[in-house]
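A structural walkthrough
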Amino acid sequence: MGKERTYKIRRLTVGDIPAMQTLFRETVLCVNARDYTREEVEDWASCIDNEEQVKDWLSNHWFIAALDECEQIVGFSSMNTEGYLHSLFVHKDWQGKGVASFLLAEVERKALEYGVKEVYSEVSITARPFFEKRGYVVEKVQKQQANRLWLTNFAMKKRF
């Protein structure tokens, strides 16, 4: 495996919501479609449609974006002060280019700054192998409500 790529990073703001919505929708509809039904990914992709909800997420979590050389958002992630990894999404065209690893390392650093001893998240079927390779352990298999539907995911933790 070659040298890990690095990306520019910056905090996300309310002005980034349209870009976040597009990236999230496209990623879920394309990437997660290999592990979930069409109806499930369409329901899941709609979870970011409510702009007020996204504003609430931005105010309650430390959201960062990885940027390409043209300053376009290629992925985003977030962490709260309790060590909850709320999101980690990489643009469908940037899969396998180290964006997720880069973002995860950044939010884990932030978790350590917050003084947490473990990071926990609710991880999709698609993302589970990625997180397992980075030291996360499945605590339980669960069903979480997207919008209308209940989707299978995994409660995962990593202790520091």
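Before going into details, it helps to say that this report is about the structure given with it. (Residues numbered from 1 in each chain as written. Predicted model: local features only at pLDDT ≥ 70, side-chain atom pairs only at ≥ 80, totals over all residues. Heavy atoms only, no water.)

1. Notes on the packing of aromatic side chains
Two aromatic rings are characterised by how far apart their centres lie and by the angle between their planes. Considering all chains together, one arrives at ten aromatic pairs under this definition. Ring geometry for Tyr 7 against Trp 94: centres 6.0 Å apart, planes inclined by 75°, an arrangement best described as edge-to-face. In this pair, Tyr 7 is assigned in the segment before strand E1 (8-11) and Trp 94 in the loop between strand E4 (84-90) and helix H4 (99-114), connecting sequence segments 87 residues apart. Residues Tyr 7 and Trp 94 agree in their burial class; the two are buried. With a centroid separation of 5.2 Å and an interplanar angle of 90°, the aromatic rings of Phe 130 and Phe 131 are classed as edge-to-face. (Phe/Tyr/Trp six-rings, centres within 6.5 Å; stacked < 30°, edge-to-face > 60°. Helix = DSSP H or I, 4+ residues; strand = E, 2+ residues; numbered from the N terminus. Buried < 20%, exposed > 50% of the residue type's maximum accessible area, 1.4 Å probe, protein only.)

2. Some remarks on the environment of Ile 48
Inspection of the secondary structure assignment puts Ile 48 in the loop between helix H2 (38-45) and helix H3 (51-60). For Ile 48, a relative accessible area of 1% corresponds to the buried category. Those residues in contact with Ile 48, other than ones at most four positions away along the chain, are Met 20, Gln 21, Phe 24, Arg 25, Val 54 and Trp 57. (Contact = heavy atoms within 4.5 Å.)

3. Looking at the packing of helix H1 (residues 17-30) against H3
Where H1 contacts H3, the axes come no closer than 11 Å and their chain directions differ by 105°. Taken together, the axes of H1 and H3 lie roughly perpendicular to each other. Contacts between H1 and H3 involve Ile 17, Met 20 and Gln 21 from the former and Glu 51, Val 54, Lys 55 and Leu 58 from the latter. Tallied by class, the residues present in the contact of H1 with H3 amount to four nonpolar, one polar and two charged. (Axes fitted to C-alpha atoms, helices over the stretch in contact; angles between N-to-C directions. Parallel < 35°, antiparallel > 145°, perpendicular 65-115°, else oblique. Nonpolar A, V, L, I, M, F, W, Y, C, P; charged D, E, K, R; others polar.)

4. Focus on H1
In a regular helix each residue adds 1.5 Å, so 14 residues correspond to 20 Å; H1 covers 20 Å between its end C-alpha atoms and thus fits that length. For H1, every residue scored as buried is listed here: Ile 17, Met 20, Gln 21, Leu 23, Phe 24, Thr 27 and Val 28. (Expected span 1.5 Å × (residues − 1).)

5. Focus on the environment of Ser 121
Tracing the backbone shows Ser 121 in strand E5 (residues 118-124). In this structure the C-alpha to C-alpha distance between Ser 121 and Glu 69, which are 52 residues apart in sequence, comes to 29 Å. In this structure Ser 121 touches Tyr 84, Leu 85, Phe 154, Ala 155 and Met 156, once residues within four positions along its chain are discounted. At 2.8 Å, the side chain of Ser 121 and the backbone oxygen of Leu 85 are in polar contact. (Polar contact = N/O pair within 3.5 Å; in protein donor to acceptor, adjacent residues only side chain to side chain.)

6. Points about unusual backbone geometry
One non-glycine residue with positive phi stands out, namely Glu 71, at about 70°. Within the secondary structure layout, Glu 71 lies in the loop between strand E2 (62-67) and strand E3 (73-79).

7. Details of the pattern of salt bridges
For the structure on display, the rule yields 16 salt bridges. Of the charged contacts in the structure, one is a salt bridge between Glu 113 and Lys 110, with a shortest N-O distance of 3.4 Å. Pair noted here: Glu 113 and Lys 110 are both in helix H4, with a separation of three residues, about one helical turn. Judged by relative accessible area, which is 62%, Glu 113 ranks as exposed. When the shortest N-O distance is used, the salt bridge between Glu 139 and Arg 159 registers 3.9 Å. Placement of the pair is Glu 139 in strand E6 (residues 137-145) and Arg 159 in strand E7 (residues 150-159), with a sequence separation of 20 residues. Classification of Glu 139 as partly exposed rests on a relative accessible area of 40%. A relative accessible area of 53% means that Arg 159 is categorised as exposed. Among the ionic contacts, a cluster of salt bridges with common partners joins Glu 118, Glu 139, Lys 157 and Arg 159. (Salt bridge = Lys/Arg side-chain N within 4 Å of Asp/Glu carboxyl O.)

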